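# Geometric and topological summary
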Amino acid sequence: MTGSIRHFLRDDDLSPAEQAEVLALAAELKREPFAKRTLAGPRSVGVVFEKPSIRTRFSFEVAITQLGGHPIVVDGNSVQLGVRESVPDSARVMSRYTSAVVWRTHGHDRLDELAAYATVPVVNALDDVFHPCQVLADLLTISERKGSLKGLRLVFLGDGANNMAHSLLLAGATAGIDVVVAAPEGFHPDPAVFADAVARGELTGARPQIVADPVKAVEGADVVVTDAWVSMGQESDPRDRATLMRPYQVNKALLSHAKPDAIVLHCLPAHREEEITSEVLDGAQSAVWDEAENRLHAQKALLVWLLERSDSGRPHTGR
Ligand code: CP
Ligand code: NVA
């Protein structure tokens, strides 16, 4: 009999109470890095990358190691998920060796398919639509700097249709944060994702918005966030993104419209003097290096939380 398995494929896979549990555990593990040796044995976790990565790759490998486990980090080209054999068959096989599978891929439907056939938790390490592990780290960073999350105003500027914008909308609404997306025409969030954020906000009091004017969007912001104007896989888009998104650059003049104690986040890698100036990225309001570190703590908490709530229904055979 197969038991219940918890996956983390998109931000609203965690309820508001569950997200708060994971963030509290992340803060605990930041204070005491070896407090939860959930993977001691060691049990193994597969981590597969079909796009480049520094932060996600390093932070998952360190996270799994600190939990006492064994990370199997492989390049997508070498496993060829869905090419050499079907995604369902790969899911069945990887589940026999590992305690969880972490995957960075392109289409979100590929993650849904892997999770449908895996008998261990599947974690989205970024796809074309969502980047939920990043936004857990963002929320941890915001709570460290602001003390709490509910009722804050977070403004995301730039490509409002990208994975970070979508994840911030869903995770922000889950946390009770008013997420405002400021983006040019043609770069607004997927209407279905936005509707899901609005629905989630009805539970928490959060009110997601889309605003065209970057200055109006940033007014009263507690948190200002941006990301690459061209995400991985979008390099052949013929639109002149740099010109269209230039008014949304996070620079000192734009930031002056936010609250004086607003913090600035960027998931990195940053394209200096494009979506953000060095003056802001390296400035006093930037929290980007804490944000990068918090990937480690947030992902440790996530893995512990998912494993504690998942039961493959099979005895552990060294996994
Ligand atoms: N922020 C982030 O996910 O970085 P990497 O692409 O380097 O993993
Ligand atoms: N939106 C960016 C995030 C990189 C971490 C991308 O997908 O390339």
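Residues numbered from 1 in each chain as written. Chains lettered and ligands numbered in written order. Predicted model: local features only at pLDDT ≥ 70, side-chain atom pairs only at ≥ 80, totals over all residues. Heavy atoms only, no water.

Around ligand 2 sit L126, H131, N162, N163, D227, S231, M232, C267 and L268, and that is every residue in its neighbourhood. N163 places a polar side-chain atom, nitrogen or oxygen, 2.8 Å from a nitrogen atom of ligand 2. One of the side-chain nitrogen or oxygen atoms of S231 is found 2.7 Å away from a nitrogen atom of ligand 2. In isolation ligand 2 offers 270 Å² of accessible surface; the protein chains occlude 93% of this area. For the shell around ligand 2, the residue count by class is 4 nonpolar, 4 polar and 1 charged. (Near = heavy atom within 4 Å. Polar contact = N/O pair within 3.5 Å; in protein donor to acceptor, adjacent residues only side chain to side chain. Areas by Shrake-Rupley, 256 points an atom, 1.4 Å probe, with all protein chains shown as cover. Nonpolar A, V, L, I, M, F, W, Y, C, P; charged D, E, K, R; others polar.)

Applying the stated criterion across every chain, the model contains 18 salt bridges. Between R110 and E50 there is a salt bridge; the shortest N-O distance is 3.1 Å. With R110 in helix α5 (residues 108-117) and E50 in the loop between β1 (44-49) and α2 (55-66), the pair connects residues that are 60 residues apart, well separated along the chain. For R110, a relative accessible area of 22% gives the class partly exposed. Of the residues examined, E50 reaches a relative accessible area of 22% and is grouped as partly exposed. (Salt bridge = Lys/Arg side-chain N within 4 Å of Asp/Glu carboxyl O. Helix = DSSP H or I, 4+ residues; strand = E, 2+ residues; numbered from the N terminus. Buried < 20%, exposed > 50% of the residue type's maximum accessible area, 1.4 Å probe, protein only.)

Before going further, it helps to examine helix α8 (residues 191-204). If you check α8, its first and last C-alpha atoms are 20 Å apart, about what 14 residues at 1.5 Å a residue would give, namely 20 Å. Among all positions of α8, only V193, F194, A197, R200, G201 and T204 are buried. Seen along its axis, α8 keeps its buried residues to an arc of 120°; they face one direction. Projecting away from the buried face of α8 at angles above 90 degrees are the exposed residues P191, E202 and L203. Buried positions along α8 lie against α1 (16-31), α7 (163-175) and β7 (209-211). Two or three places before A192, at the start of α8, stands the capping residue D190, its side-chain oxygen 2.8 Å from that residue's backbone nitrogen. One or two residues past the end of α8 sits G205, with phi positive at roughly 90°. (Expected span 1.5 Å × (residues − 1). Arc of directions from axis to C-beta. Contact = heavy atoms within 4.5 Å.)

With respect to the element layout, G151 can be found in the loop between α6 (132-146) and β5 (153-157). Placed 54 residues apart in sequence, G151 and G205 show a C-alpha to C-alpha distance of 8.0 Å.

This part covers the packing of α6 against α7. Between α6 and α7, the shortest axis-to-axis distance is 9 Å and the interhelical angle comes to 50°. One finds that α6 runs oblique with respect to α7. With respect to the hand of their crossing, α6 and α7 are arranged in right-handed fashion. Contacts from P132, Q134, V135, D138 and L139 in α6 reach M164, S167, L168, A171 and A175 in α7. Classifying every residue of the contact of α6 with α7 gives 7 nonpolar, 2 polar and 1 charged. (Axes fitted to C-alpha atoms, helices over the stretch in contact; angles between N-to-C directions. Parallel < 35°, antiparallel > 145°, perpendicular 65-115°, else oblique. Left-handed = near helix turned anticlockwise from the far one by under 90°.)

So, on to the pairing of strand β9 (residues 263-266). Every regular strand shows the same layout, with side chains that alternate between the two sheet faces. In β9, alternate side chains face the same way, and those of I263 and L265 on one face and V264 and H266 on the other are all buried. Judged from the 4 bridges that link them, strand β8 (residues 223-226) and β9 form a sheet pairing that is parallel. The residue of β9 that forms the bridge with V224 is V264. (Pairing = 2+ DSSP bridges.)

Before going further, it helps to examine the sheet that holds β1. The pairing of strands in a sheet comes from backbone hydrogen bonds and takes either a parallel or an antiparallel form. Strands sit in the order β2-β1-β3-β4 across an open sheet of 4 strands; the sheet is parallel. The open sheet terminates on both sides in strands that have one partner only, identified here as β2 (70-75) and β4 (122-124). The sheet shows a mean angle of 20° between the axes of neighbouring strands, taken without regard to direction. Direction of pairing for β1 relative to strand β3 (residues 100-104): parallel, over a ladder of 5 bridges. Residue pairing for β3: F49 is matched across the bridge by R104.

A rise of 1.5 Å per residue sets the reference length of α1, with its 16 residues, at 22 Å; its end C-alpha atoms lie 23 Å apart and thus fit the reference within 8%. Buried residues of α1: E18, Q19, V22, L23, L25, A26 and L29, and no others. Across the axial projection of α1, the buried residues extend over an arc of 160°, all falling on one side. The exposed residues of α1 that point more than 90 degrees off its buried face are A17 and R31. Close packing links the buried residues of α1 with α6, α7 and α13 (288-308).

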